[in-house]
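These are the residues of each chain, in order.
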Amino acid sequence: MLRQVYDIVIVGGGPAGLAAAVSAKRNGVESILVLERDKELGGILNQCIHNGFGLHTFKEELTGPEYAGRFIEQLEEEKIAYKLNTMVMDISDDKVVTAMNREDGMFEIQAKAVILAMGCRERSRGALNIPGYRPAGIYSAGTAQRLVNMEGYMPGREVVILGSGDIGLIMARRMTLEGAKVKVVAELLPYSGGLKRNIVQCLDDFGIPLKLSHTVVDIDGKERVEGITIAQVDENRRPIPGTEEHYTCDTLLLSCGLIPENEISSSLGVEMSPVTSGPLVNECLETNIEGVFACGNVLHVHDLVDFVSEEAGAAGKHAAEYVKNGAKHPSSDAKDIPITATQGARYTVPKTINPDRMDEKHIVRFRVGDVYKNCYVSVYLNDQRVIHRKRPVMAPGEMEEVVLKKEELAAFPDLTQITVKIEEA
């Protein structure tokens, strides 16, 4: 089998892969290849025809396809190679990428560095344990979005949505605009998993009820969905008898969370976070496998695509530095300092930071595990608090961030632990 050689191979041609490729090229690496399994670049953005993208990156409001188009133009301008309809089958620990497509058949690429940018997938019905038959009319919200926005099909006319993730909220509005009647959005948790602006613009503005602490307990219909029964749940998320409500409908959309797409990463031996289901990375977005980087929703599920692009740009830059430095990081005596998320903070990206290698400032992103009001985000270096920032409200659906400064970390020569936590006012 003929083996091609590239400096950097990027798995995924969505927003993360595109931004990483452009950044790597602009940081001095010429030999880059993007592998995308779909028939076009842009990933999930191609079906996100609503606006709200690009406010941070381009300082204007764009639709998903417009946002993707900007990066695809940059990819073409930089003359970066890419292969479409190409499935990556395997990556070895010495960075040999095995892929296949119709034109080339099965082929291998030897890479000096690999950037994982495969995005995420939706949690399926099988993972939700909903009782009832398996009739037609049950879709994940993302599948329904693709059918309506790209294929031109309407999944149904009377809709119930389970889960209040951003895709579910956006599809409540989209289905309404296309003439469907969205009866209710039910959410198992006592808070929504989506952005506040989406709750207002997609549900409140259209008079669609959101029922928190509710779930689907029964699905009527054998051939096609005929109705849905929802019920309130207790603090253990068990349905409360006597609280059942029945809705006639022909469609159930599931918007119950996103899972990073990490089968390839796992088989490669990348260490995973039990919280995010994505890789554990250092401040360079490098995994425990040297020269393998991760960014975007494959790393942790983001709320804004602008943050995906920003993170992917950093991954491209660090991968380029890795390639140019003869596959060696700048030498450093300091060890990686672990970052611990506790007291309401669920995880952090990155998981470790090396003060010698980091830039002058480094953004640490995290999510909270509950809704917090009038609390503080605090950061401790060993036992000393260095950041104590008031936040009027924090919710699991929106990412939080803190900025660590190199000079602050340098002031602690015996630094062994960085802690991010939520503290009461």
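Residues numbered from 1 in each chain as written. Predicted model: local features only at pLDDT ≥ 70, side-chain atom pairs only at ≥ 80, totals over all residues. Heavy atoms only, no water.

Caption draft 1: Broad picture of the packing of aromatic side chains. Counted by the stated rule, this structure contains four aromatic pairs. Considering the side-chain rings of Phe58 and Tyr67, the 5.5 Å spacing of their centres and the 70° angle between planes classify their relative orientation as edge-to-face. Of the two residues examined, Phe58 and Tyr67, each falls in the buried class. For the ring pair Tyr67 and Phe71, a centre distance of 5.5 Å and an interplane angle of 45° mean the geometry is tilted. One end of the pair, Tyr67, and the other, Phe71, are both in helix α2 (residues 64–77), four residues apart, so they sit about a helical turn from each other. Across the pair, Phe71 and Tyr67 agree in class, each one buried. Three or more aromatic residues joined by ring pairs form one cluster here, namely Phe58, Tyr67 and Phe71. Seen from the ring of Tyr380, Lys421 lies directly overhead, with NZ or CZ sitting 4.6 Å from the centre. (Phe/Tyr/Trp six-rings, centres within 6.5 Å; stacked < 30°, edge-to-face > 60°. Buried < 20%, exposed > 50% of the residue type's maximum accessible area, 1.4 Å probe, protein only. Helix = DSSP H or I, 4+ residues; strand = E, 2+ residues; numbered from the N terminus. Lys NZ or Arg CZ within 6 Å of the ring centre and 35° of its normal.)

Caption draft 2: A look at α2. Counted at 1.5 Å a residue, the expected span for α2 with its 14 residues is 20 Å, and the 20 Å between its end C-alpha atoms agrees. Those residues of α2 that sit buried are Gly64, Tyr67, Ala68, Phe71, Gln74 and Leu75. Here the buried residues of α2 occupy an arc of 115° about the axis, which is enough to place them on one side. In the core, the buried residues of α2 are packed alongside α1 (15–26), β2 (32–35), β3 (51–53), β4 (62–63), β5 (81–83) and α7 (305–324). (Expected span 1.5 Å × (residues − 1). Arc of directions from axis to C-beta. Contact = heavy atoms within 4.5 Å.)

Caption draft 3: Molecular detail of helix α4 (residues 166–177). Counted at 1.5 Å a residue, the expected span for α4 with its 12 residues is 16 Å, and the 17 Å between its end C-alpha atoms agrees. Counting buried residues in α4 gives nine out of 12 residues, a clear majority hidden from the surface. Taken together, the buried positions of α4 are Asp166, Gly168, Leu169, Ile170, Met171, Ala172, Arg173, Arg174 and Met175. The secondary structure elements touched by the buried residues of α4 are α3 (141–151), β11 (158–162), β12 (181–187), α5 (196–203) and β17 (251–254).

Caption draft 4: Layout of the nonpolar core. Counting 64 residues, the largest nonpolar core has Ile8, Ile10, Ile91 and Leu116 as its most contacted members. The biggest single contributor to this core is α7, with eight residues. When sequence neighbours within four positions are dropped, the list of residues in contact with Ile8 reads Ala24, Val29, Ser31, Ile32, Leu33, Ala113, Ile115, Ala319, Ala320 and Val323. Among the nonpolar cores identified, the runner-up in size contains 23 residues, and Ile339, Phe366, Met394 and Ile422 belong to it. (Core = buried A, V, L, I, M, F, W, Y, C linked by side-chain atoms within 4.5 Å.)

Caption draft 5: Expanded view of the sheet that holds strand β15 (residues 227–232). Here three strands make up an open sheet; going across it, the order is β14-β15-β16 and the pairing antiparallel. Every interior strand has two partners, whereas the edge strands, β14 (214–220) and β16 (245–248), have only one. Sheet twist, expressed as the average angle between the axes of neighbouring strands with direction ignored, equals 25°. Sheet topology note: the β14/β15 ladder contains six bridges and is antiparallel. Within β15, the position partnered with His214 by the bridge is Gln232. (Pairing = 2+ DSSP bridges. Axes fitted to C-alpha atoms, helices over the stretch in contact; angles between N-to-C directions.)

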